[in-house]
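# Breakdown of the fold
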Amino acid sequence: MAVFGLTALSLVCYLAGLRVNTTKSIPVGVYRLTDVPVGKGEYVIFCPPRTALFDEARSRGYIGAGFCPGGYGYMMKRVLGVEGDMVSSGEEGIVVNGKLLPASAPRKTDSAGRVLPRYLFSDYILKGSELLLMSDVSGTSFDGRYFGPVDAGQVRGVIKPLVTF
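Report follows, based on the coordinates.

Rules used throughout
Residues numbered from 1 in each chain as written. Predicted model: local features only at pLDDT ≥ 70, side-chain atom pairs only at ≥ 80, totals over all residues. Heavy atoms only, no water. Pairing = 2+ DSSP bridges. Helix = DSSP H or I, 4+ residues; strand = E, 2+ residues; numbered from the N terminus. Phe/Tyr/Trp six-rings, centres within 6.5 Å; stacked < 30°, edge-to-face > 60°. Patch = residues over 30% accessible without salt bridge, like charges linked within 9 Å, V, L, I, M, F, W, Y side chains within 5 Å. Areas by Shrake-Rupley, 256 points an atom, 1.4 Å probe, with all protein chains shown as cover. Salt bridge = Lys/Arg side-chain N within 4 Å of Asp/Glu carboxyl O. Disulfide = S-S within 2.5 Å. Buried < 20%, exposed > 50% of the residue type's maximum accessible area, 1.4 Å probe, protein only.

### Regarding the sheet that holds strand β6 (residues 93-96)
The 4 strands lie next to each other as β7-β6-β5-β8, forming an open sheet whose pairing is antiparallel. Each edge of the open sheet carries a strand with a single partner, namely β7 (99-100) and β8 (124-125). Sheet analysis places strand β5 (residues 86-90) next to β6, joined by 4 bridges and oriented antiparallel. Bridge pairing in β6 links V87 to V96.

Right under this line is the structure:
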């Protein structure tokens, strides 16, 4: 009976637009799905595009299984680059419009010692619907430094924190 109650509560929260983040990509907490337009600095929830890279990420446990195409789970990140922004990458991290992003230095391997992919930017100008989705709080997040820009069409909505820990 307790499992049914928890499942029912989870469903009600989901239908009410509440999303729980348990990863270090953005602050851990409860977020509310909004109809705010996607913009720089906003937290977003998105479906990763169906690619071999994300298949590998799911198999390695970087992202969970879920209801997105390809069986991927939703991801939550901060929008740190939008159309017209110049993005470069280096050993020190990701640079947007000449400013080094915090916690963006790429790791060569994951915690299991497996080589991580790396998306290389060299004075790349983000195009119309491209977004750079990153963590600005965790140096271990699987984010744009590994998978590159994401099309804005992958975003399911802007999320606003209600309670963070």
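The rest of the description comes next.
### A look at the sheet that holds strand β11 (residues 155-164)
Across the sheet, 7 strands lie side by side as β1-β2-β11-β3-β4-β9-β10; this open sheet has antiparallel pairing. This sheet does not close on itself; its edge strands, each paired only once, are β1 (18-21) and β10 (150-151). Bridge count for strand β4 (residues 75-81) against strand β9 (residues 130-134) is 3 bridges, and the pairing is antiparallel. Residue pairing for β9: R78 is matched across the bridge by M134.

### Some details on the packing of aromatic side chains
Here the structure, examined in full by the defined rule, presents 10 aromatic pairs. Both rings, one in F54 and one in Y72, keep their centres 6.1 Å apart while their planes meet at 50°; by these two values the pair is tilted. You can see F54 sitting in helix α2 (residues 52-60) and its partner Y72 sitting in the loop between α2 and β4, a full 18 residues away along the chain. Ring geometry for F54 versus F142: centroids 5.9 Å apart, planes at 85°, classification edge-to-face.

### Some thoughts on a nonpolar patch on the surface
A cluster of nonpolar side chains, contributed by L11, Y14, L15, F67 and Y74, occupies part of the molecular surface with about 620 Å² of accessible area. Along the polypeptide, L11 turns up in helix α1 (residues 2-15).

### Some words on the state of the cysteines
By the definition in use, this model includes 1 disulfide. For C47, the disulfide goes to C68, at an S-S distance of 2.1 Å. Handedness here is read from the sign of the S-S torsion; for C47 and C68, about -75°, the answer is left-handed. Linking C47 in the loop between β3 (43-46) and α2 with C68 in the loop between α2 and β4, this pair joins segments that are 21 residues apart in sequence. Among the cysteines around C13, which has no disulfide bond, C68 carries the closest sulfur, lying 19 Å off.

### Observations concerning the pattern of salt bridges
Scanning the model with the defined rule gives 8 salt bridges in all. For D136, the salt bridge goes to R78, with nearest N and O atoms at 2.9 Å. Placement of the pair is D136 in the loop between β9 and α3 (144-147) and R78 in strand β4, with a sequence separation of 58 residues. E91 is paired through a salt bridge with K108; the nearest N and O atoms lie 3.3 Å apart. Taken as a pair, E91 in the loop between β5 and β6 and K108 in the loop between β7 and β8 lie far apart in primary sequence, 17 residues in all. Owing to a relative accessible area of 59%, K108 belongs among the exposed residues under this scheme. One network of salt bridges, with partners in common, ties together E91, K108 and R118.

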